[in-house]
Amino acid sequence: MTQAVDAAYYSQAEHSAMLRAIELAGQALGRTSPNPVVGAVLLDAAGNVIGEGKHEQAGRPHAEVVALQAAGERARGGTMVVTLEPCTHTGRTGPCVEALRAAGVARVVVGVRDPDPPAAGGAGALRAAGVEVVMGVAEAEARWVNRAWLTSIGRARPYVTWKFAATLDGRSAADDGSSRWITGPAARADVHRLRSQQDAVMCGVGTVLTDDPELTVRLNGYDGPQPLRVVLDSAARTPAGARVRNAAAPTWIVTAREFPGPDGRIDLDRVFAELFVRDCRSVFLEGGPTLAGAAIEAGLVDEVVGYLAPALLGAGSPALRDAGIHTIAQTLRLSTHDVTVVGEDVRITAVSRRGGAAANPEAAS
């Protein structure tokens, strides 16, 4: 549920600080699961920034605590601007509500309410301690940066992004099966950037047999964790020498024997539920058109990132095969979030309209 906010309740300085906190949160994407990404900025009474921070990794200090440590004694009487409602939970770290109260913070400005029951209720606890709380500032932006975690908490499965590359006529491979490279180097580098923000990268065994991808993040200077590589391989055909089996990143080869579905193939719902148990909150689906179609038919795709090259093939493999859509009335309509030129190609980001409030706050009631 979105939170209505009266503009008179927060200042321009607080709004600017929230946008900075969202930027900080985004810097930790792919590093914090099973925790959310959170950014925080601490202001003094005059609206000057006196501390900022982000949650770097599960088990490390939360964003609010990092900002408080940066400010020291100047935090007393200040305003904490934070993307997610401060937690009340004691786990590997203490509750942020207590840290804010002990530091003497007078006001807390929040982007999104925490929907996770063990940690929720921070706003009420702060108000009970005499701290002024304003909810829902820049909520749409705060939800977007944390959409994977927000969705996963509500559904007990990871947020799924299907990525594909195609020509303007919708082909992902030529008639002879060749597919490298449809898009240019800038788009391919952008894919690695998006991979770095995911907990897992998934493909089908067909992609492994055809392209032998490594499915790792390969960016200059990248020092973050590698996402889990997940290969859906019903009949265990992944070769021993396949690049997805190398030591560059962890790999899980999933077979139909482990998660059998009623049709004898892998049960996707059970696989994604197991990934949630394994602390994966986001999955980058990079498989071919058949796997993408199966995931879409199962209602598991939350976001689509399509790279369109200004090229035509006229024949060859389409970007998407049977997705359980047989009439125009069954068309899966998406909401366009962003259109960006990347090198010579165009990247379109769209979210499922059935994805709920995590990615589409305007759709919440």
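Our subject is the structure listed above.
What counts and how
Along every chain, residues carry numbers that run from 1 in the direction the sequence is written. Whole-chain, interface and lining totals are the exception, using all residues; otherwise, since this is a predicted model, local features are given only for residues with pLDDT of at least 70 and side-chain atom pairs are given and counted only at 80 or more. Side-chain numbers here rest on the full set of heavy atoms in the structure, without hydrogens or water. A run of DSSP states H or I qualifies as a helix once it reaches four residues; a run of E qualifies as a strand once it reaches two. Both are numbered from the N-terminal end. Polar contacts, as used here, are pairs of N or O atoms within 3.5 Å; protein pairs need one atom able to donate a hydrogen and one able to accept it. Residues neighboring in sequence count only if both atoms are side-chain atoms. Each residue gets one of three labels from its accessible area relative to the maximum for its type: buried under 20%, exposed over 50%, partly exposed in between, using a 1.4 Å probe on protein chains only. What makes two residues a contact is simply this: any of their non-hydrogen atoms within 4.5 Å. In this text, buried Ala, Val, Leu, Ile, Met, Phe, Trp, Tyr and Cys residues form a nonpolar core when linked through side-chain atoms within 4.5 Å. One requirement defines pairing of two strands: DSSP has to find at least two bridges between them. In this analysis an axis means a line fitted to C-alpha atoms, helices contributing only their contacting stretch, and an angle means the value between N-to-C directions, from 0 to 180 degrees.

Peer 1: With reference to specific residues and values, describe the side chain of Arg147.
Peer 2: Looking at the secondary structure, you find Arg147 in helix α6 (residues 147-155). In this structure the side chain of Arg147 is engaged in a polar contact, spanning 2.8 Å, whose partner is the side chain of Glu303.

Peer 1: Hey, could you go over the side chain of Ser317 for me, with residue numbers and the actual values?
Peer 2: The residue Ser317 is located in the loop between β11 (303-309) and β12 (334-342) in this model. Residue classification places Ser317 among the buried positions, given a relative accessible area of 18%. At 3.5 Å, the side chain of Ser317 and the side chain of Arg321 are in polar contact. In this structure, Ser317 is in contact with Gly170, Arg171, Ser172, Ala173, Ala174 and Pro289, ignoring residues within four places of it in sequence.

Peer 1: How would you summarise the nonpolar core if you had to cite specific residues and measurements?
Peer 2: Within the largest apolar cluster, 43 residues are counted, with the highest numbers of intra-cluster contacts made by Leu42, Leu68, Met80, Val105 and Val108. For Val105, the contacting residues outside a window of four places in its chain are Leu42, Leu68, Ala75, Gly77, Gly78, Thr79, Met80, Leu100 and Val131. Listed in part, the 30 residues of the second largest apolar core include Val160, Val254, Leu268 and Leu275.

Peer 1: Requested: an account of the sheet that holds strand β8 (residues 228-232), with residues and values cited.
Peer 2: If you trace the eight strands from one edge of the open sheet to the other, you get β9-β8-β7-β10-β6-β11-β13-β12, paired in mixed fashion. Among the strands making up the open sheet, the edge pair consists of β9 (251-254) and β12. In this sheet, neighbouring strand axes are inclined to one another by 20° on average, regardless of whether the strands run parallel or antiparallel. By the bridge criterion, six bridges tie β11 to strand β13 (residues 345-352) in an arrangement that is antiparallel.

Peer 1: Tell me about the environment of Arg155, residues and numbers included.
Peer 2: Structurally, the position occupied by Arg155 is in helix α6. Once the C-alpha coordinates of Arg155 and Ala273 are considered, the two residues, 118 residues apart in sequence, prove to be 9.1 Å apart. Separated by 2.8 Å, the side chains of Arg155 and Asp302 make a polar contact.

Peer 1: Quick rundown of the pairing of strand β10 (residues 282-285)? Include the residues and the values.
Peer 2: Every other side chain in a regular strand lies on the same face of the sheet, so the side chains alternate between the two faces. Residues Ser282 and Phe284 point to one face of β10 and Val283 and Leu285 to the other, with burial holding for every one of them. Pairing geometry for strand β6 (residues 159-167) and β10, over four bridges, is parallel. Of the residues in β10, the one forming a bridge with Thr161 is Phe284. Across three bridges, strand β7 (residues 200-204) lies against β10 in parallel orientation. Looking at β10, one finds that Met202 is bridged to Leu285.

By themselves, these figures tell us nothing about what the structure is for.
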